[in-house]
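So you can see what is in the structure, the chains are spelled out below.
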Amino acid sequence: MEGSSKRRFNTLAVRGSGRAVDTTFHAHRTPVYQTSTFVFSSPEEAARRFAGEEGPIYSRLSNPTVDAVEERIALLEGAETGIAFASGLAAVHALVMSRTFPGANLVVQSPVYGGTWALLEKITPHLGLELRTFRASEVDRLSDLVDGRTAWVLLEIPANPTLDVVDLERVVEVAHKRGIPVAVDSTFATPYHFRPLSWGADVVIHSATKYLGGHGDLIGGLLAGSHELLDPVRDLHVSTGGTMSPWNAYLLLRGMRTLHVRMPRHSENAWRVTDVLRRHPAVKRVYYPDQDPLAQKYFENGFSGMVSFVVQGGDEAAFRLMRALRLILLSVSLGDGDSLITHPASTTHAKVPEEIRIRSGILPGFLRLSVGLEDAADIVEDLLQALAASQEPHATGLNA
Ligand SMILES: *Cc1c(COP(=O)(O)O)cnc(C)c1O
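Please read these numbers as outputs of a predicted model, since none were measured by experiment.

K.L.:
Honestly, the sheet that holds strand E9 (residues 306–311) in this entry has me stumped. Any pointers?
P.N.:
Think of a sheet as strands paired side by side through backbone hydrogen bonds, with each pair either parallel or antiparallel. Strand order in the open sheet formed by 5 strands is E8-E9-E12-E11-E10, with mixed pairing between adjacent strands. Of all the strands in the sheet, just strand E8 (283–287) and strand E10 (329–330) have a single pairing partner and so form its edges. Summarising the sheet, E10 and strand E11 (residues 340–342) pair through 2 bridges and their orientation is parallel. Residue pairing across strands places leucine 329 opposite leucine 340, the latter belonging to E11. Of the strands in this sheet, E8, E9 and strand E12 (366–370) are in contact with helix H15 (residues 376–390), which crosses E9 at around 25 degrees.

Right, dumping it as structure tokens:
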């Protein structure tokens, strides 16, 4: 479509580039190309496809439904290209591997999503790789951490589960001075609220499992960035085979088409919940980026749907709160239409030593809430009755 890159975000989310995928029947929706292989009409055509001149060969290498997802994330992030993976962690893995060599180091923000940290800790001994960490508030230390052997600076904005927002422009300045690329996992923000490439980042990482998919029915990962950085990643990706299935690509495309409709409601509901939590006597502390000057600078149209808070009375009170909930579901993951709550210290961050948890702000009584798309009044009502129950140590936890 001529001039599609000038179209606005909401139009790009719904319509993409407008490129027709099914040129035989002109199906309106991108079909699910649920096929392992593609048939060549002649040996010459096979040779041309292998030379990269035309058409798909085999679905580990490329698939038209998956290609459509890759094109859509590149458009939404303002990137040259995108790559789809079987999961967010498959994306992180391929990204790290693409620039790693024995003796290299990775400079990683801490805390990050527990699965990302576990992955990095597991692969580093095999690769002879060193992990160097810094907190969002310690950007000043960064120039001492990066050197000629740094493969990537990896950030998470906002970070899980404390919703820290690191000063991306300052990180980019320090890293680029040494020629080191910066990758930002912005799963929590989505390109609707935050576009890291426009602030100088080199690659954006998404767990598409979360807001981009948006319906809690798929696992997927995406990268967006330049050909220079992502072509080597794609090369590794097709060889290691952590590719997204055509069916998941179809579901993900379906989710991405409404991202700009869902995110304002997630943000609005999260703001309503935050407002109530901040004024509630049973709540010690609330983590939501709306009052953070860096988030105000980098984010657009709101601050997404993730809210963390610390309930008075520690973990026992947090458990009482969770037992009393009637609408909000006890589950990990996020970005679903259903509101989901997690107690990180006993689940996602259970393996992180307690003193490190506390230093990162995961205090006793800490809960992470993915605010869904239900009526905000119902979410608030459920939280209010559960907060009341959390402060009654002798309650049975039954819906008395
Ligand atoms: C869920 C998540 C991941 C991992 O993604 P998967 O799709 O579960 O592999 C990475 N980063 C963040 C911030 C996440 O929330």
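K.L.:
What is the right way to look at the pattern of salt bridges in this model?
P.N.:
A pair can form between side chains of opposite charge whenever their charged atoms are brought close. Going through the model one piece at a time under the given rule, you end up with 11 salt bridges. We note a salt bridge from arginine 170 to aspartate 140, for which the minimum N-O separation is 2.6 Å. Here aspartate 140 lies in the loop between strand E3 (130–134) and helix H6 (142–145) and arginine 170 lies in helix H7 (residues 168–177), a separation of 30 residues in the sequence. Here the salt bridges share partners, and the residues they tie into one network are Glu130, Arg132 and Asp147.

K.L.:
Would you mind showing me how to read the packing of aromatic side chains here?
P.N.:
Note on aromatic pairs: each is described by the distance of the centres and the angle between the planes. Throughout the structure, instances matching the rule amount to 9 aromatic pairs. On the numbers, 6.4 Å between centres and 70 degrees between planes, the contact of phenylalanine 40 with phenylalanine 50 is edge-to-face. Placement of phenylalanine 40 in the loop between helix H1 (9–15) and helix H2 (43–50) and of phenylalanine 50 in helix H2 is noted, with a sequence separation of 10 residues between them. Taking the relative accessible area as the measure of exposure, phenylalanine 50 reaches 60% and is therefore exposed. Counting every residue linked through ring pairs, the aromatic cluster contains Phe194, Trp199, Tyr288, Tyr298, Phe299 and Phe303. Sitting above the plane of the tryptophan 152 ring, arginine 99 keeps its charged end 5.7 Å from the centroid. For the cation-ring pair, lysine 210 lies above tyrosine 113, with the distance from its terminal atom to the ring centre recorded as 4.9 Å.

K.L.:
Sorry, what's going on with the side chain of threonine 342 here?
P.N.:
With respect to the element layout, threonine 342 can be found in strand E11. Here the side chain of threonine 342 touches serine 331 through a polar contact of 3.2 Å, landing on its backbone oxygen. Apart from residues no more than four positions distant in its own chain, threonine 342 is found in contact with Met322, Ser331, Val332, Thr347, Thr348, Leu367 and Arg368.

K.L.:
What is the right way to read the packing of helix H11 (residues 259–278) against H15 from this model?
P.N.:
To describe two helices that pack against each other, one gives the angle between their axes and the distance between the axes. Running from N to C, H11 and H15 cross one another at 30 degrees; their axes reach a closest spacing of 9 Å. Put simply, H11 runs roughly parallel to H15. Judged by the twist between their axes, the crossing of H11 over H15 is right-handed. Along the contact surface, H11 presents Asn269, Arg272, Val273, Val276 and Leu277, while H15 presents Ala376, Ala377, Ile379, Val380, Leu383, Leu384 and Leu387. Residue composition of the contact of H11 with H15, by class: 10 nonpolar, 1 polar and 1 charged.

K.L.:
What am I meant to see in the packing of helix H4 (residues 88–98) against helix H5 (residues 114–127) here?
P.N.:
At a closest axis distance of 11 Å, the pairing of H4 and H5 adopts a crossing angle of 35 degrees. Once H4 is placed against H5, the crossing between them reads as right-handed. Touching Leu89, Val92, His93, Val96 and Met97 of H4 are Gly115, Thr116, Leu119, Leu120, Ile123 and Leu127, all from H5. Here the residues of the contact of H4 with H5 sort into 8 nonpolar, 3 polar and no charged.

K.L.:
Hey, could you run me through the nonpolar core in this one?
P.N.:
Most often, soluble globular proteins keep nonpolar side chains buried together rather than apart. Core analysis: the biggest nonpolar cluster contains 54 residues, and Leu155, Leu168 and Phe309 have the highest contact counts within it. For this core, the leading source of residues is H15, giving 6 residues. Two domains each donate at least three residues to this core, and these are domain 1 (4–256) and domain 2 (259–390). Those residues in contact with leucine 155 that sit more than four places away from it in its chain are Gln109, Phe134, Val166, Leu168, Val171, Val182, Ala183, Val184 and Asp185.

Rules used throughout
Residues numbered from 1 in each chain as written. Predicted model: local features only at pLDDT ≥ 70, side-chain atom pairs only at ≥ 80, totals over all residues. Heavy atoms only, no water. Pairing = 2+ DSSP bridges. Helix = DSSP H or I, 4+ residues; strand = E, 2+ residues; numbered from the N terminus. Contact = heavy atoms within 4.5 Å. Axes fitted to C-alpha atoms, helices over the stretch in contact; angles between N-to-C directions. Salt bridge = Lys/Arg side-chain N within 4 Å of Asp/Glu carboxyl O. Phe/Tyr/Trp six-rings, centres within 6.5 Å; stacked < 30°, edge-to-face > 60°. Buried < 20%, exposed > 50% of the residue type's maximum accessible area, 1.4 Å probe, protein only. Lys NZ or Arg CZ within 6 Å of the ring centre and 35° of its normal. Polar contact = N/O pair within 3.5 Å; in protein donor to acceptor, adjacent residues only side chain to side chain. Parallel < 35°, antiparallel > 145°, perpendicular 65-115°, else oblique. Left-handed = near helix turned anticlockwise from the far one by under 90°. Nonpolar A, V, L, I, M, F, W, Y, C, P; charged D, E, K, R; others polar. Core = buried A, V, L, I, M, F, W, Y, C linked by side-chain atoms within 4.5 Å. Domains from an automatic or database assignment.

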